[in-house]
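Descriptive structure summary
Each chain, written out:
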Amino acid sequence: MTIIYIPRDTASISMGADDVAIALAALGADLKEDITIIRNGTWGMTYLEPLVEVDTDQGRVAYGPVTVSDLPSLYEAGFLNGLDHKLCHGLTSEIDYLKNQDRLTFVRAGLIDPLSLSDYIKNDGYKGLENSLKLSKAQIVEEVTLSGLRGRGGAAFPTGIKWNTVRQTEAAQKYICCNADEGDSGTFSDRILMESDPLCLIEGMTIAGLAVGATKGYIYLRSEYPLCKEILTGAIKVARDNNYLGANICGSDKAFDIEIRMGAGSYVCGEETAMLESLEGKRGMVRAKPPLPAHVGLFGAPTVINNVLSLASVPIILAKGGDYYKNFGIGRSRGTIAFQLAGNIKRGGLVEKAFGISLKDLINDFGGGTYSDKAIKAVQVGGPLGAYLGQDNFGLPLDYEAFTEAGAVLGHGGIVVFDETANMRDQALFAFEFCAIESCGKCTPCRIGSIRGAELLKTGTNMQLLQDLCQLMDTSSLCAMGGMTPIPVRSAVKYWPEDFEKSSS
């Protein structure tokens, strides 16, 4: 019997993975080949999707991107035995794009069937929870603190401090809320994790619950991720049916359970307090702080709010120890981060690396330069409210402090590449228009400032007035939505002033 892996994540399916799987099964039946197709998650090499892997004595051999029309020639070339073909990339594990990564959080993504508990456990899954059940709340928090883990959603707040605050706050009920409202342009790491290794997130949330004394968790999932919901729902059932969720986790008499709640398409609900409002059935509007959610969060109870990758990083920390995790990275940026390469780039996809790699190495060594083969003009890091960086910044190490010093944000690790044809005035205009559309409307600087900024760029560029407006939004907005909108605008003006001297295209 030959085992063939075909991914079932959103990106792969959008590129025809389902059609390839159906056609491959039919062709195998016609040729009386004994094959089993396993629908795994993606390795994150989205430029090769659909990636078809054949299990051989030497390991899994990769072919991609495969279309239905490629199947006859693949059969003729002997791909069932891992033989050569124009689409063959050799052993999956030896592909440079994958081989040169530091896979900690995404160690199982692409390797396993996302809904197979046996696959998960066979590949070190639930070791972190097993260790956590032997520790006190304080000891769990101590390991997370020791690891140096910081919020992977963009704020970079130390996870251990947040957990310890909730742990020490007395309350009859506490909650763990996973912010899975991944809305930044060029970001897809949360989706890949949830679709390729959902039990990792479930394990991380369970450990968080044990650490702070919370018995209930919610995953706030963006509405544009229906397949995520399907896979997560299946994974929660698998965990619950096998006593990894529920009233008696692994026979410990400790309780924790998880529910999924869908968002409604609001970008601002990625802000933690707006997310809480939405979870409570209210309009998603930002709350004033204090009080902090760690003290008064969901339904007025102490609440841990973490991003998907923050929580998904916890199992390996508890499995291998905080010391192991903190040995990756530089300075105060410890561990790894999942960079996502998108935009005008040859090899788009997910790259998990320790903090410290340069933007240049990430774009060139992994991304392969621009898809258009034209010179890179700008790279936006950190989503639609991140700074635009030019060639002079490409040596910048990718870590939180270095980016802060450069007036930029690392954010969720999304990297969008633009070639020399991009007009940076248009990109600055996009930032204001995006803010105008997505603002919750609660504070005037964000609600009105974004509209006035767009008007300024459309009707003529009064640079002093533009800078004054950016200063007002930066210092007076209630949350990061309005406060960060000036970042891409200021960076575009700073590095490409010539684009603001000519009319918008």
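Preceding block: the structure.
Described in the following lines is the structure provided in the data block.

A few words now on the environment of Ile 345. Relative to the elements of secondary structure, Ile 345 occurs in the loop between strand 12 (336-343) and strand 13 (349-354). Spatially, the C-alpha atoms of Ile 345 and Ala 294 are 40 Å apart, while their sequence positions differ by 51 residues. Once residues lying within four places of it in the same chain are set aside, the contact partners of Ile 345 are Ile 363, Gly 367, Gly 369, Thr 370, Tyr 371 and Val 417.

Further remarks concern the environment of Lys 458. Looking at the element boundaries, Lys 458 is found in helix 19 (residues 444-459). Between the alpha carbons of Lys 458 and Trp 163 there is a distance of 46 Å; along the sequence they are 295 residues apart. Beyond its immediate stretch of four places on either side in the chain, Lys 458 contacts Arg 425, Leu 429 and Glu 433.

Two side chains of opposite charge can pair, provided their charged atoms sit close to one another. Following the criterion strictly, the structure yields 27 salt bridges and no others. For Asp 197, the salt bridge goes to Arg 108, with nearest N and O atoms at 3.0 Å. In this pair, Asp 197 is assigned in the loop between helix 9 (189-196) and helix 10 (198-212) and Arg 108 in the loop between helix 4 (96-99) and helix 5 (117-122), connecting sequence segments 89 residues apart. Arg 287 is the partner of Glu 280 in a salt bridge, and the nearest nitrogen-oxygen pair spans 3.0 Å. In the salt-bridge network here, residues are joined through shared partners; they are Glu 277, Glu 280, Lys 282 and Arg 287.

With 14 residues, helix 2 (residues 17-30) should reach 20 Å at 1.5 Å per residue; the first-to-last C-alpha distance of 20 Å fits that figure. All of the buried residues along helix 2 are Ala 17, Val 20, Ala 21, Ala 23, Leu 24 and Gly 28. Packing partners of the buried residues in helix 2 comprise strand 1 (2-5), helix 1 (10-14), strand 2 (35-38), strand 3 (52-56) and helix 3 (71-77).

Reading across the sheet, the five strands line up as 13-12-16-14-15 and stay open at both edges, with mixed pairing between neighbours. A strand with exactly one partner marks an edge of an open sheet, and here the two such strands are strand 13 and strand 15 (388-389). Pairing of strand 14 (residues 376-381) with strand 15, which is carried by two bridges, proceeds in the antiparallel orientation. Pairing of Gln 380 across the sheet is with Tyr 388, part of strand 15. Running at roughly 110° to strand 14, helix 16 (residues 359-366) makes contact with strand 12, strand 13, strand 14, strand 15 and strand 16 (414-419) of the sheet.

On to the environment of Gly 64. Residue placement: Gly 64 occurs in the loop between strand 4 (59-63) and helix 3. Given a relative accessible area of 3%, Gly 64 falls into the buried group. Taking the C-alpha atoms as reference, Gly 64 lies 8.8 Å from Tyr 47; in sequence the two are 17 residues apart.

Taken in spatial order, the five strands make up an open sheet running 2-1-3-4-5, and their pairing is mixed. Both outer strands of the open sheet, strand 2 and strand 5 (88-91), are each paired with one neighbouring strand and no more. Neighbour-to-neighbour, the strand axes of this sheet turn through a mean angle of 25°, independent of strand direction. With three bridges connecting them, strand 4 and strand 5 associate as antiparallel partners. Its bridge partner lying in strand 5, Val 61 is registered against Leu 91. Strand contacts of helix 2: strand 1, strand 2 and strand 3, with the helix running at about 170° to strand 2, the strand carrying the most contacts.

With that out of the way, let us pick up the nonpolar core. Residues Trp 163 and Leu 201 are the most contacted members of the largest nonpolar core, which totals 61 residues. It is helix 10 that contributes the most residues to this core, 10 residues altogether. If we skip the residues at most four places from it in the chain, Leu 201 touches Cys 178, Leu 193, Met 194, Ile 219, Leu 232, Val 308 and Leu 311.

Moving on, we get to the pairing of strand 8 (residues 257-262). Strand direction decides the pairing type here: strand 7 (residues 216-221) and strand 8, joined by six bridges, are parallel. Of the residues in strand 8, the one forming a bridge with Leu 221 is Met 262. Each parallel crossover has a hand, and for strand 7 linked through helix 11 (residues 226-241) to strand 8 it is right-handed.

On to the packing of aromatic side chains. Using the criterion set out here, one finds 14 aromatic pairs in the structure. Seen from their ring centres, Tyr 47 and Tyr 97 are 5.1 Å apart, and the 55° between their planes marks the pair as tilted. Of the two residues, Tyr 47 sits in the loop between strand 2 and strand 3 while Tyr 97 sits in helix 4, which places them 50 residues apart along the sequence. What makes Tyr 47 partly exposed here is its relative accessible area of 24%. Assessed through its relative accessible area of 4%, Tyr 97 is described here as buried. Where Tyr 267 meets Phe 434, the ring centres are 4.8 Å apart and the plane angle is 80°; that geometry is what we call edge-to-face. With Tyr 267 in the loop between strand 8 and helix 12 (272-279) and Phe 434 in helix 18 (residues 424-438), this residue pair connects regions lying 167 residues apart in the sequence. The rings of Tyr 47, Tyr 97 and Phe 366 are connected pair by pair, giving a single aromatic cluster. Geometry around Tyr 5 places Arg 60 over its ring, the cationic atom sitting 3.6 Å from the centre.

What counts as what
Residues numbered from 1 in each chain as written. Predicted model: local features only at pLDDT ≥ 70, side-chain atom pairs only at ≥ 80, totals over all residues. Heavy atoms only, no water. Helix = DSSP H or I, 4+ residues; strand = E, 2+ residues; numbered from the N terminus. Contact = heavy atoms within 4.5 Å. Salt bridge = Lys/Arg side-chain N within 4 Å of Asp/Glu carboxyl O. Expected span 1.5 Å × (residues − 1). Buried < 20%, exposed > 50% of the residue type's maximum accessible area, 1.4 Å probe, protein only. Pairing = 2+ DSSP bridges. Axes fitted to C-alpha atoms, helices over the stretch in contact; angles between N-to-C directions. Core = buried A, V, L, I, M, F, W, Y, C linked by side-chain atoms within 4.5 Å. Right-handed = clockwise from strand over helix to strand, strands pointing away. Phe/Tyr/Trp six-rings, centres within 6.5 Å; stacked < 30°, edge-to-face > 60°. Lys NZ or Arg CZ within 6 Å of the ring centre and 35° of its normal.

By themselves, these figures tell us nothing about what the structure is for.
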